[in-house]
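Listed below, chain by chain, are the residues.
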Amino acid sequence: MEFKAKQIAEMIGGRVEGNEDAAVCTFAKIEEGREGAISFLSNPKYTHFIYETKSTIVLVNDDLELEHPVDTTLIRVKNAYEAVAKLLQLYASMQPKKTGIDPTAVIAKSAKIGDNVYIGAYAVVGEGAVVGEGTQIYPHTVIGDGVQMGQRCLVYPNVTVYQGCRIGNNVTIHAGSVIGADGFGFAPNQEGYDKIPQIGIVIIEDDVEIGANTCIDRSTMGQTVIRKGVKLDNLIQVAHNCEIGENTVMSAQAGLAGSTKIGSWCMVGGQAGFAGHISVADKTIVGAQCGVIGDTKGNGEQLIGSPAMDPKVYFKGMAILRRLPDMYKELSALRKEVDELKKK
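The paragraphs below set out a description of the structure included in this document. It should be emphasised that the depicted structure is a prediction, and the values quoted were computed from it without experimental measurement.

Definitions and limits used
- Residues numbered from 1 in each chain as written.
- Predicted model: local features only at pLDDT ≥ 70, side-chain atom pairs only at ≥ 80, totals over all residues.
- Heavy atoms only, no water.
- Helix = DSSP H or I, 4+ residues; strand = E, 2+ residues; numbered from the N terminus.
- Expected span 1.5 Å × (residues − 1).
- Bend = angle between axes of the 7 residues up to and from the residue.
- Polar contact = N/O pair within 3.5 Å; in protein donor to acceptor, adjacent residues only side chain to side chain.
- Pairing = 2+ DSSP bridges.
- Contact = heavy atoms within 4.5 Å.
- Axes fitted to C-alpha atoms, helices over the stretch in contact; angles between N-to-C directions.
- Patch = residues over 30% accessible without salt bridge, like charges linked within 9 Å, V, L, I, M, F, W, Y side chains within 5 Å.
- Areas by Shrake-Rupley, 256 points an atom, 1.4 Å probe, with all protein chains shown as cover.
- Salt bridge = Lys/Arg side-chain N within 4 Å of Asp/Glu carboxyl O.
- Buried < 20%, exposed > 50% of the residue type's maximum accessible area, 1.4 Å probe, protein only.

### Notes on helix α3 (residues 311-343)
Then, in step 1: Taking 1.5 Å as the rise per residue, α3 with 33 residues should run 48 Å; its terminal C-alpha atoms sit 47 Å apart, in good agreement.
Then, in step 2: By the largest-angle criterion, Leu 324 marks the main kink of α3, which is about 50°, and a proline, Pro 325, follows within four residues.
Then, in step 3: Here α3 starts with a cap whose side-chain oxygen sits 2.8 Å from the backbone nitrogen of Lys 312, and that cap is Asp 310.

### Considering the sheet that holds strand β5 (residues 37-41)
Then, in step 1: With mixed pairing, the five strands of this open sheet are ordered in space as β2-β7-β6-β5-β4. At either margin of the open sheet sits one strand with a lone partner, and together these are β2 (15-17) and β4 (26-27).
Then, in step 2: Two strands pair when backbone bridges link them, and strand β6 (residues 57-61) and strand β7 (residues 73-77) are joined in this way by five bridges, in the parallel orientation. Among the inter-strand pairings, Asn 61 is bridged to a residue of β7, identified as Val 77.
Then, in step 3: Along the sheet, helix α1 (residues 5-12) makes contact with β2, β5, β6 and β7, crossing β7 at roughly 10°.

### Let's talk about a nonpolar patch on the surface
Then, in step 1: A surface patch of nonpolar side chains, amounting to about 340 Å² of accessible area, comprises Ile 320, Leu 321, Leu 324 and Met 327.
Then, in step 2: Turning to its location among the elements, Leu 321 is positioned in helix α3.
Then, in step 3: The class for Leu 321 is partly exposed, based on a relative accessible area of 45%.

### Observations regarding the pattern of salt bridges
Then, in step 1: Scanning the entire structure with this criterion turns up seven salt bridges.
Then, in step 2: Here Arg 76 makes a salt bridge to Glu 17, at a shortest N to O gap of 2.8 Å. Highlighted residues: Arg 76 in strand β7 and Glu 17 in strand β2, separated in sequence by 59 residues.
Then, in step 3: Take Arg 76: its relative accessible area is 8%, and that puts it in the buried class.
Then, in step 4: Among the residues examined, Glu 17 registers a relative accessible area of 32% and is labelled partly exposed.

Written out as structure tokens, the structure reads:
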């Protein structure tokens, strides 16, 4: 499907600078631009590419100042990154969706399947499960007994949703993820460990996206909860009885120990770790590889390092750490001088 610059500008509230009839049919990174493609520029580090890109149209911020003319047609918008995200969403919505139930799928008689649902090859839907209208379940996925899944969900191959879990509307779960496996609960005894049965469930609210191979454990009792709008990257571990607040985002390999409570609108970097039974306030920013071992102070706090601390304190410490070899040499020299003075 082809769109002209004028049409695109109307879709995203932009202003065309150049040929209004310039037409595109695909997307490309600005450094890999080609004729018939639309690109975007939001990071100043990539500005030099705008003078050489072959893309037909480039989305740019309103305040971009050019050093000399460009060959491409520009569409100026308030925020180029947000604008391209909106265009990509429109593009994705235009793609045909799979429908129908593959003959190799195994669906329990007591399961309730909504209209316009797709269930792929060798997928399994258990007893009493509910799959909402427009949901897509890709091959080899298992939807356990009593699972409730809302409308317009997208569940990619090899996902497992254990019994009794509840999933809202517009939820995306990427390949290999496991929802509702047992939490890590064992009681030590003289001979080893007694398993503590995990009898709770996982609740995932609307508009959540869960990356590939992420695991969200069911609660010991009660619920593990992922609130509305949460976005989880690949390879994240959420332990039993955790709660992640609305619109919080987490990068890959982050891990939450049991009963951790994360607030709303938090941002968590890759490989960050959280001790159990702690509370993280709303809008907290947690840096990559950060180790959070206690409750956080309040809204807007930024943390870095392990154990987690204020970035100013962390960087002061790192500055001293870099000087330790020289400081050690100076200390050794001073000891020698002191020893010589003692001898005299």
